[in-house]
Amino acid sequence: MSTPGRTGDTRQGLELAPFRGLRYVPERVGSLAAVTSPPYDVVVRPDGLRHLETADPHNIVRLILPQAATAADRHRQAAETLRRWQDERILAADPEPALYVYEQRGDGILQRGLIGALRLSPREEGVVLPHEDVMPHIVEDRAALMRGTGANLEPLLFSYRGDAGEGGAAGVIERVTRTAPLLSTTTDDGYAHRLWSITDPADLGLVAEDLSRQQALIADGHHRWATYLRLRAEQPADSPWDFGLVLLVDTARYPLRVRAIHRLLHRLPVAEALAAVGTSFRVRTLEGSLPEALEALAEAADKDINAFVLAGDGRFHLLDNPDPALLARTVPGDRPEAWRTLDATVLHSVLLEHIWHVPDDPEHIGYIHETAAAVKQAERHGGTAVLMHPVREDVVRELAEQGVTMPRKSTSFGPKPATGLVLRSLALN
């Protein structure tokens, strides 16, 4: 892999390098679908974790979410498992470096993109645009795992806006997908996954030229991107750690779906939450099911009103129309209006900090992608699920281009790449 220097490099845009993918050997596992997993932070624990662990003894979750008594033991176990699976040829490296075309199809969505090793760049260069803050303890955990395994186990999801032409990366992708794939599988969620490799120098050159004019938005993977940057700083220059595994999707052709990430307040019962809100928001208890509650939430969002649904006591409560004077007192005024009016901003600045006094740490707040799972866990443990409405992608990009980060876990872009279809070992690249 050609590795550019970290200083004095005047090139702009994205540099996506080929690498020797580490992939499951189909004959050595029950099925490719049975060894895949959602990204580590989407797995619902403990039920989802247990389901994946029992799906196949070689499921990738044993690497991304190893189970042991201590963090050090978990990371050591993952490293040992990865070495053993390579020794036993459960996982094997492709013979030559490649970029990979990855396709997902399901639920009315067709998504295609390029998996490769992206040259890392700090925010200041404006090549990769983060839009969310990160939590240091998660970065530390992911860094220890990557350090121990010497591998990028999951591709991050990045988006960029290509032009309308038929050449460049788009032309290469369309041409490659008309050939036989390296692998094809359908996962439990109904999504079909296919993977192809690009090794032809001419095709790689077309992709490189096209991407050199692009900038990318981090759609999913802020903590792992921060981890890449931390580990890069620990290494000498011009090393494989100057790159990190990503999936790049041209959203001009394949728009991503944006969903909300919900909050689970472990130690705050719904009754206490509603009592503390008082008249600061309009509060209405809704009749009907979860889909009907989400429809009421969407109707409020369509009116550009900050709104949330609280659940956990067997009912659904819509909070909207916050007191303007309260917003003026509690929301920081030194950010753009698009940031000040975000639901996530109002939730964290007004409700969590000012009204409920809930610390933003794992003991008090959980982040859950699936709506029904958030409600179920709140009801099971006597907490409060705060259901959110998703942010539009154009708002996310607008703020990112201004260098303004949103509150952590504000968005969930998808569909996310399945973990386990292709890994990157730094020892091979």
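Quick note: structure is the one above.
Residues numbered from 1 in each chain as written. Predicted model: local features only at pLDDT ≥ 70, side-chain atom pairs only at ≥ 80, totals over all residues. Heavy atoms only, no water.

**Topic: the packing of aromatic side chains**
Thinking step 1. Applying the stated criterion to the full structure yields 5 aromatic pairs.
Thinking step 2. Joined through ring pairs, the aromatic side chains of Phe 158, Trp 225 and Tyr 228 make up one cluster.
Thinking step 3. If you follow Arg 142 out to its NZ or CZ, it ends over the ring of Tyr 40, 4.1 Å from the centre.
Thinking step 4. Over the face of the ring belonging to Trp 339 we find Arg 335, whose NZ or CZ atom lies 4.5 Å from the ring centre. (Phe/Tyr/Trp six-rings, centres within 6.5 Å; stacked < 30°, edge-to-face > 60°. Lys NZ or Arg CZ within 6 Å of the ring centre and 35° of its normal.)

**Examining the pairing of strand β5 (residues 109-119)**
Thinking step 1. Where burial is concerned, most of β5 is hidden: 10 out of the 11 residues are buried.
Thinking step 2. Direction of pairing for strand β1 (residues 16-17) relative to β5: antiparallel, over a ladder of 2 bridges. For Leu 16, the partnering residue across the bridge sits in β5 and is Leu 118.
Thinking step 3. Note that strand β4 (residues 99-106) and β5 share 7 bridges and pair antiparallel. From the neighbouring strand, Tyr 102 faces β5, where its bridge partner is Gly 113.
Thinking step 4. From the end of β4 to the start of β5, which pair antiparallel, there are 2 residues, and Asp 107 there has a positive phi angle of about 55°.
Thinking step 5. Examined bridge by bridge, β5 and strand β12 (residues 243-250) share 7 bridges and lie antiparallel to one another. Its bridge partner being in β12, Arg 119 is matched across the sheet by Phe 243. (Buried < 20%, exposed > 50% of the residue type's maximum accessible area, 1.4 Å probe, protein only. Helix = DSSP H or I, 4+ residues; strand = E, 2+ residues; numbered from the N terminus. Pairing = 2+ DSSP bridges.)

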